[in-house]
Amino acid sequence: MAKPSITKTAVDRRADELDTIASVLPIDRRDELAELLTDQDIETLRHLVNEGMGENTLRALTSDLAYLQAWSLAATGASLPWPAPEALALKFVAHHLWQPEQRDIDALHGMPAAVEQSLREQRFLRSSGPHAPDTVRRRIASWSTLTKWRGLTGVFSSPSLKSAIRLAVRASLRPRRRKSAKAVTGDVLAKLLATCSTDSLRDIRDRAILMVAFASGGRRRSEIAGLRREQLSVEPPIVVEGGPPLPSLAIHLGRTKTSGTEHDEVVYLTGRPVDALNAWMTAARVESGSIFRKIDRWGNVSKRALEPSAVNQIVKQRAAMAGLEPGEFSAHGLRSGYLTEAANRGIPLPEAMEQSRHRSVQQASSYYNSATRRSGRAARML
């Protein structure tokens, strides 16, 4: 469905306004968002930035807002109304949580083909089939949050909507898949690092990214891409018996996805990862600002930070270079791999969680328990 006509001046103005918050809210689809979002949407995002909301939360809210706007235009021919009527929220659930078996019987079941095609052409929809229930819940939660931030009362706590979501989730249950099919454990990491053996800037950078992301507790790709020199502080060397002291750095993560409002999360690097990071910052002459940056085809280092998706691509590229199947690994494999490796080495879960900064014991132990159960006595009864 065609988008309503918008003057170029208005689009340019919104693009400029998005630029003003890009340092806090990294945006890789600025021009598309400028066409899609309304002036009020941009003002809401600016308000959230001024309120000091965390970068990851802002990024998720922006992504969800853009998707909701695109879906509303495709499904109704109009921008998302504020506040949204209950019927529209129910339509959203019906379009995203449906049963493939029922679609075979009823072609009108689920998301209409025209709506699906519109979202696919705009790159908002990539996979086929119903959405993951967690994705639908998150987008509805974002919808509710943005409604409240506009000072409006939404319908998201209505019994009929809650019941519809619960029943739809139950009807469309599907196996939960890990973000990375395989964990990047110590042995896999060694193979990836072996592909970074030259003195080229790209090898030096990628080696530092892999080592820092893993050793700092399996940092999220957004945290690695957004890492800045100002977040680092040099710590006293670690004294080890029978060898030279090991260099130590603290990484001040600030407020993260799971931390409190005013809590400054800190993780530590010791030894080889510190050397790899220092080697990159020296080679790229990174004295301030973003640490991990783009490198063009001629070997020039940009002042712009890598996008989070680039960290994922680096993991896959290095996996392919190492002779591994790139489809089985992603940046999240460094996070799951850190906890799996900790379990393999007998490191207590609480100690590993101090570095990974997991808040949920249940989530962290899901990686931990898989490793310990596989090698434990309970699996070797015969």
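Conventions we followed
Residues numbered from 1 in each chain as written. Predicted model: local features only at pLDDT ≥ 70, side-chain atom pairs only at ≥ 80, totals over all residues. Heavy atoms only, no water. Helix = DSSP H or I, 4+ residues; strand = E, 2+ residues; numbered from the N terminus. Buried < 20%, exposed > 50% of the residue type's maximum accessible area, 1.4 Å probe, protein only. Contact = heavy atoms within 4.5 Å. Areas by Shrake-Rupley, 256 points an atom, 1.4 Å probe, with all protein chains shown as cover. Pairing = 2+ DSSP bridges. Axes fitted to C-alpha atoms, helices over the stretch in contact; angles between N-to-C directions. Parallel < 35°, antiparallel > 145°, perpendicular 65-115°, else oblique. Left-handed = near helix turned anticlockwise from the far one by under 90°. Nonpolar A, V, L, I, M, F, W, Y, C, P; charged D, E, K, R; others polar. Core = buried A, V, L, I, M, F, W, Y, C linked by side-chain atoms within 4.5 Å.

*Asks:* Kindly report on the overall build of the protein, identifying the contributing residues and their values.
*Replies:* On a plain count of helices and strands, the protein comes out with 17 helices and five strands. Counting over 382 residues, the protein shows a buried share of 43%. Here the analysis covers contacts within the protein between residues at least 6 apart in sequence; of these, 63% occur between residues at least 24 apart. As displayed, the protein offers around 20500 Å² of accessible surface, 52% of which is attributable to carbon and sulfur atoms.

*Asks:* Outline the sheet that holds strand β2 (residues 246-254), listing residues and values.
*Replies:* On the basis of which strands lie adjacent, the open sheet formed by three strands has the order β1-β2-β3 and antiparallel pairing. Two strands close off the open sheet at either side, each with one partner strand: β1 (232-238) and β3 (265-270). Taking each pair of neighbouring strands and ignoring which way they run, the sheet shows an average axis angle of 25°. Note that β1 and β2 share five bridges and pair antiparallel.

*Asks:* For the packing of helix α5 (residues 86-96) against helix α8 (residues 133-149), give the residues involved together with the corresponding values.
*Replies:* As a packed pair, α5 and α8 sit with axes 11 Å apart at the nearest point and diverge in direction by 160°. Comparing their axes, α8 and α5 come out roughly antiparallel. Crossing angle aside, the handedness with which α5 passes α8 is right-handed. Of α8, the residues touching α5 (which contributes Leu-88, Ala-89, Phe-92, Val-93 and His-96) are Val-136, Arg-139, Ile-140 and Trp-143. Residues that form the contact of α5 with α8 fall into these classes: seven nonpolar, one polar and one charged.

*Asks:* Which residues make up the nonpolar core, and what values do they have?
*Replies:* Core analysis: the biggest nonpolar cluster contains 46 residues, and Leu-210, Ile-251, Leu-277, Trp-280, Ile-291, Phe-292 and Leu-334 have the highest contact counts within it. Among the elements of the structure, α10 (186-194), α11 (201-215), α12 (221-225), β2, β3, α13 (272-283), α14 (308-321) and α15 (332-344) are those that each provide at least two residues to this core. No other element matches α11, which puts eight residues into this core. With residues up to four places along the chain from it excluded, the contact list for Phe-292 reads Arg-205, Ala-208, Ile-209, Val-212, Ile-224, Ala-225, Leu-227, Leu-277, Trp-280, Ala-305 and Leu-306. With 39 residues, the next largest nonpolar core counts Leu-68, Val-93, Leu-97 and Leu-146 among its residues.

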